[in-house]
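Read off the chains here:
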Amino acid sequence: MKAQVNEIKERLQYFNGTEMFYQIPLLKTRFTDGLKYLSEVAECFWLITDASVIAKSLMNRSEFITIDFKRLPEEKQDYTGYEAEIIYSDGNDTILEKHGYRATDFPLDELRLFFVNDTLMLPSEY
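These numbers were taken from a predicted model, which means no experiment stands behind them. Each chain has its residues counted from 1, running along the sequence as written. At least 70 in pLDDT is required for a residue's local features to be given in this predicted model, at least 80 for side-chain atom pairs to be given and counted, and no such filter applies to totals for whole chains, interfaces and linings, which use all residues. Remark: hydrogens and water are excluded; side-chain values derive from all non-hydrogen atoms of the structure.

### Looking at the nonpolar core
So, step 1. Ranked by internal contacts, the top residues of the largest apolar core, which has 32 residues, are Leu 12, Leu 38, Ile 67, Phe 106, Leu 111 and Leu 120.
So, step 2. Secondary structure elements follow DSSP: runs of H or I of four or more residues count as helices, runs of E of two or more count as strands, with numbering from the N terminus. Mapped by element, the contributors of at least two residues to this core are helix H1 (2-12), helix H2 (33-41), helix H3 (45-58), strand E3 (64-71), strand E4 (84-89), strand E5 (95-101) and strand E6 (110-116).
So, step 3. Per-element tally for this core: the top contributor is H3, with six residues. Here, nonpolar core means buried Ala, Val, Leu, Ile, Met, Phe, Trp, Tyr and Cys residues that are tied together by side-chain atoms lying within 4.5 Å of each other. Summary of the burial criterion: residues with accessible area below 20% of their type's maximum are buried, those above 50% are exposed, and those between are partly exposed, where the area comes from a 1.4 Å probe applied to protein chains only.

### Description of the sheet that holds strand E7 (residues 119-121)
So, step 1. Any two strands are treated as partners once DSSP identifies two or more bridges connecting them. Read from one edge of the open sheet, seven strands run E1-E2-E7-E6-E3-E4-E5, paired in mixed fashion. In this open sheet, the two edge strands, each paired with only one partner strand, are strand E1 (22-24) and E5. Neighbouring strand axes in the sheet, compared pairwise and without regard to direction, differ in orientation by 25° on average.
So, step 2. Two elements, strand E2 (residues 29-31) and E7, share two bridges in a ladder whose sense is parallel. Along E7, the bridge assignment pairs Phe 31 with Leu 120. Axis lines are fitted to C-alpha atoms, over the contacting stretch for helices. Their N-to-C directions set the angle, which ranges from 0 to 180 degrees.

### A look at the UniProt feature "domain: DUF6876" (unreviewed entry) in the protein
So, step 1. UniProt positions are given in the numbering used here, feature names are shortened, and annotations may be inferred rather than shown by experiment. Using the residue numbers shown here, the UniProt feature "domain: DUF6876" (unreviewed entry) corresponds to residues 7-126.
So, step 2. Helix and strand shares over residues 7-126 are 30% and 31% respectively, and the end C-alpha atoms of the span are 22 Å apart.

### Overview of the side chain of Ser 89
So, step 1. Within the secondary structure layout, Ser 89 lies in strand E4.
So, step 2. Within the structure, Ser 89 has its side chain in polar contact with the side chain of Thr 66 (distance 2.4 Å).
So, step 3. The residues touching Ser 89, leaving out its near neighbours within four places in the chain, are Phe 64, Ile 65, Thr 66, Thr 94, Ile 95 and Leu 96. For this analysis, a polar contact is any N or O atom pair within 3.5 Å, provided that within protein one partner can donate a hydrogen and the other can accept it, and provided that sequence-adjacent residues contribute only side-chain to side-chain pairs. Here a residue-residue contact requires only that any non-hydrogen atoms of the pair lie within 4.5 Å.

### A short note on the environment of Thr 119
So, step 1. Position of Thr 119 among the secondary structure elements: in strand E7.
So, step 2. A relative accessible area of 2% places Thr 119 in the buried class.
So, step 3. Along the sequence, Thr 119 and Tyr 22 sit 97 residues apart, while their C-alpha atoms lie 9.4 Å from each other.
So, step 4. Ignoring any residue separated from it by four or fewer positions in sequence, one finds Thr 119 in contact with Phe 21, Arg 30, Thr 32 and Phe 114.

Structural data, given as structure tokens:
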């Protein structure tokens, strides 16, 4: 699994801009080539969907939203009961919302996404 994680991290660095946009049908959120790749190799379409739903609900508070997935250290997992959390902020360190996940099979320990103009993307694709 470790090798796969490193490969995913390495491959994600190559996505700059996007050639195509994909769409989550019901939400009408667009997402980029980098996220399409990630959703396939990491089987994390749930992450794209969750992040879209929450980010859309925050658009009235900020046009630009950063989405940070973080796996919590074990002692914090024991304390909070959550394996990971996603923090939504306005890009200026103002936290808009936080969501805890009791369990996750997402392979990376952390990931940052941007949500702007109804589009979810990797920072390198902004």
